[in-house]
Amino acid sequence: MRNAGRYGFRALSLALMLNVAAHAADAPPAPATAAPPATAATGASGCSSTREFFATDCPLTWHGVTLYGAYDVGLGWVSHGLPENAYNYEGESLVNRNAGGSRFLLAPNNLSQSGLGIRFREQFAAGWYLVGNASTGINPQSGQLANMAATNTINAGLPRGSYSVTGDGARAGQTFNDEFYGGVASPPLGTLTFGRQRALGTDAMLLYDPAAGAYSVSFIGYNGLMAGGGDTQDTRWDDALKYRLTAGPVHVGAMYKFADGSGGCYSATAGWTAASCTPEASHNTAVGFDLGAELGGLSADLVYQQVNQAISVLNPLLGPQSLTQPYQSTVDSINIIEITGANLVDPGNTEYGIVTDNTALMLAARYAWVSVKLYGGYEHIRYTNPSDPLGIGASAQGGYLLSGVEDNNLDSPKIVQVWWTGVRYAFDRSTDVVLSWYHELQNDFRRPPTCSPAAGLRSACAGTLNELSLFVDHHFTRRFDVYAGIAYSEVSGGLAIAIPHGPGVPYFADNNLAPTVGGRFSF
């Protein structure tokens, strides 16, 4: 995790010393969840005047470095919400286990992740180029670096009814919380890069989600389980090699993440102490493959991802004011087995993680015809308890440590299936109308299978989530647009249980209605 920044910085520094070139046509999009406006002249030289900058979407290029970014903020209302905090970068459009009454909100990043980035592509030999990208996201309402981990740590120890909004994500306060990589490219041979990079599933989500991953109207953009192959922390991989190649209508991709960070120390023995806790090495490798093609107006991709020691943070650490035993340990613990004696790590500014090995297969397609684009996709995700456990002191995204770990959370393999479909209609050259539907289905992985209203539901019981959304996006210029949208989401069964606050404790509200209006400036 920390090595990605070091190697990425070296690649970036080398490119700058070589007076790197301007616009990188094959570089990833700006640090925006939604796609930026169409570019009038891809590969064009930088803006020649302030007037041209505001009238077109010419790249901001100076001495070979292209600066890009977006600022997206709006106003929203939610039927069931929470007080906001300065670290949440996703808003509150999706149903939340701890959300209560209705409220008006300053809604951040509704169609795009606000942030900044630089990218480069510089020829260093005939047919060979240095390429790279460094990008980060911010919270437009506070100016803080996007940091979903901090939404949990600032709520640690509070009673559930006193929470502000919490969540989990790959952006955890890193200086470059989106991407930070460098590499080489050759048109006939492909592009090979190393560093912190978006997972292949994240790339596919941005292409095949009708809402382009917009937080305010897209379940698969707001919740990264689909893009990350099971958990949202894996939407970006640190210390990762990524290869892309396009040959005619076919494109392929491959990705490998090297193990990084700390594995902490582990013990399966009740009453364990620091002396009996065995140090663990990280085994958080990951691998991904992508095969796709474009034929006329049809585009499709098949993406496979396998992530070892994936971490999911579902709630803030509980404490003296929380409803605790026996639902979650309030001191260092492994598999809910508390340590005997002093904590191994200071629980301050730490998280509680559930660890699994995940395997995901996604098929997605898009068809464009005149002014209409149709989208659809399906992903099958299989979770198992990790073959190599993590322990106390293991590291999560952003260098945060886990002071509580569950390595045996699953009674049997957990299966999650996600479907989505939608349509994007270009009403005119400046206005798009987008309608989307998302569905998540979870199996019953309790053993013995005792899920029924009479027996009581648990989070391990079968459940569903649905979201339906509609929004309109109008561009006054290529850089500035305004939008209005609405999303409705609901949960049932095991997906409506607010773990870990007690067996069978439900969401405060199992649905949410969230209209939003706002504006975005992209460059």
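Note: the structure precedes this text.
All figures in this text were calculated on a predicted structure; none of them were measured in a lab.

**Student:** Kindly report on the overall build of the protein, identifying the contributing residues and their values.
**Tutor:** Counting its regular elements, the protein contains 5 helices and 23 strands. For the protein, the proportion of its 523 residues judged to be buried stands at 54%. Long-range contacts, defined as pairs at least 24 residues apart, comprise 72% of the intrachain contacts of the protein with a sequence gap of at least 6. As displayed, the protein has an accessible area near 20500 Å², and 62% of this comes from carbon and sulfur atoms.

**Student:** Summarise helix 4 (residues 200–208); cite the residues concerned and give the values.
**Tutor:** Of all 9 residues making up helix 4, 8 are buried, and the element is well covered by its neighbours. For helix 4, the complete set of buried residues consists of L200, G201, T202, D203, A204, M205, L206 and Y208.

**Student:** Could you give an account of the pairing of strand 21 (residues 463–475), naming the residues involved and the relevant values?
**Tutor:** Note that strand 20 (residues 431–442) and strand 21 share 12 bridges and pair antiparallel. When the bridges of strand 21 are listed, L435 appears paired with L470. With 13 bridges connecting them, strand 21 and strand 22 (residues 480–493) associate as antiparallel partners. Directly across from H475, in strand 22, lies its bridge partner D481. Turn length for the strand 21-strand 22 hairpin, with the two strands adjacent in sequence and antiparallel, is 4 residues.

**Student:** Before we move on, could you go through a nonpolar patch on the surface and cite the residues and values that matter?
**Tutor:** There is a patch of nonpolar side chains on the surface, built from L435, W437, L468, L470, I486, Y488 and L513 and spanning about 580 Å² of accessible area. Those elements giving two or more residues to the nonpolar patch turn out to be strand 20, strand 21 and strand 22. Considering the arrangement of structural elements, one finds I486 in strand 22.

**Student:** Quick one: what's the story with the environment of P506, residue by residue and with numbers?
**Tutor:** Mapped onto the secondary structure, P506 falls in the loop between strand 22 and strand 23 (511–522). Sequence separation of P506 and L457 is 49 residues, and the distance between their C-alpha atoms is 8.8 Å. Those residues within four positions of P506 in sequence are excluded, and the remaining contacts are R160, A496, I497 and A498.

**Student:** Lay out unusual backbone geometry with the relevant residues and their values.
**Tutor:** P448 follows R447 through a cis peptide bond whose omega is 0°. With respect to the element layout, P448 can be found in the loop between strand 20 and strand 21. Here the phi dihedral of Q309 falls at roughly 55°; this positive angle occurs in a residue that is not glycine. Along the chain, the position of Q309 falls in strand 13 (residues 298–312). Its identity as a non-glycine residue notwithstanding, N349 has a phi of 60°, on the positive side. Mapped onto the fold, N349 is located in the loop between strand 15 (337–338) and strand 16 (351–369). Residue class for N349 comes out exposed when judged on its relative accessible area of 51%.

What counts and how
Residues numbered from 1 in each chain as written. Predicted model: local features only at pLDDT ≥ 70, side-chain atom pairs only at ≥ 80, totals over all residues. Heavy atoms only, no water. Helix = DSSP H or I, 4+ residues; strand = E, 2+ residues; numbered from the N terminus. Buried < 20%, exposed > 50% of the residue type's maximum accessible area, 1.4 Å probe, protein only. Contact = heavy atoms within 4.5 Å. Areas by Shrake-Rupley, 256 points an atom, 1.4 Å probe, with all protein chains shown as cover. Pairing = 2+ DSSP bridges. Patch = residues over 30% accessible without salt bridge, like charges linked within 9 Å, V, L, I, M, F, W, Y side chains within 5 Å. Salt bridge = Lys/Arg side-chain N within 4 Å of Asp/Glu carboxyl O.

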